[in-house]
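Observations on the three-dimensional arrangement
One letter stands for each residue in the lines below.
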Amino acid sequence: MWLKCETCGGVYQPVQAGGGLYFHTCPPLERVIVEQPDGSRAIVAPDPDDKRPIVGTTTIPRPGVRDERPIGVDPATGQVLIASPGRGVRVVPAPIVEEG
Ligand SMILES: [Zn+2]
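Summary of the structure given here. Remember, predicted model here, so these are calculated numbers, not experimental data.

Re the overall build of the protein chain
When helices and strands are tallied, the protein chain shows zero helices and eight strands. When the helices and strands of the protein chain are read in sequence order from the N terminus, they spell out β-β-β-β-β-β-β-β. Computed over the C-alpha atoms, the radius of gyration of the protein chain is 19 Å, more than 25% above the 13 Å expected from 2.2 N^0.38 for a compact globule of 100 residues. Reported as C-alpha extents along the three principal axes, the dimensions of the protein chain are approximately 55 × 45 × 20 Å. Within the span of the protein chain, comprising 100 residues, buried residues form 7% of the whole. The long-range fraction of contacts in the protein chain, counting pairs at least 24 apart against all pairs at least 6 apart in sequence, stands at 44%.

Here is the structure:
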């Protein structure tokens, strides 16, 4: 079974081919640090139309992050509780892998 994360768009198998479990956590968002005309710096989303000089890169936490790390079990249902559901997941077809 393949799942697609509705927060970050990542596609993954919660149970890997070898039987191991994968607990998806959305990656942080990439950002660039730009120097502004007054010499101060700002953290902004990468934009090819932004002509301010880039002086570094960083990441920021993704809003609505999904974090499947288990934090316990719901005593009423027996369901494993995860750290943060984000926008949820949906089942998707296996990705097509082109070879050669
Ligand atoms: Zn995600």
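So much for the structure itself; the text now carries on.
Remarks on the sheet that holds strand β4 (residues 41-44)
Within the open sheet, the three strands sit side by side as β4-β3-β5. Their pairing is antiparallel. Strand pairing shows two members of the sheet lacking a second neighbour, β4 and β5 (54-60), which therefore form its edges. In this sheet, neighbouring strand axes are inclined to one another by 25° on average, regardless of whether the strands run parallel or antiparallel. In terms of strand pairing, strand β3 (residues 29-35) meets β5 through six bridges, oriented antiparallel.

Brief notes about the sheet that holds strand β8 (residues 89-92)
What the three strands build is an open sheet, ordered β2-β1-β8; its pairing is antiparallel. The two strands at the open ends of the sheet, each matched to only one other strand, are β2 (11-12) and β8.

Looking at the environment of A42
Its location among the elements puts A42 in strand β4. Taking the number of C-beta atoms within 10 Å as the measure of exposure, A42 has 12 and is therefore exposed. Separated by 44 residues in sequence, A42 and G86 have C-alpha atoms that sit 27 Å apart. Beyond its immediate stretch of four places on either side in the chain, A42 contacts V34 and Q36.

The rules behind the values
Residues numbered from 1 in each chain as written. Predicted model: local features only at pLDDT ≥ 70, side-chain atom pairs only at ≥ 80, totals over all residues. Helix = DSSP H or I, 4+ residues; strand = E, 2+ residues; numbered from the N terminus. Rg over C-alpha atoms; globule rule 2.2 N^0.38 Å. Buried ≥ 20, exposed ≤ 12 C-beta atoms within 10 Å, placed from the backbone. Contact = placed C-beta atoms within 7 Å. Pairing = 2+ DSSP bridges. Axes fitted to C-alpha atoms, helices over the stretch in contact; angles between N-to-C directions.

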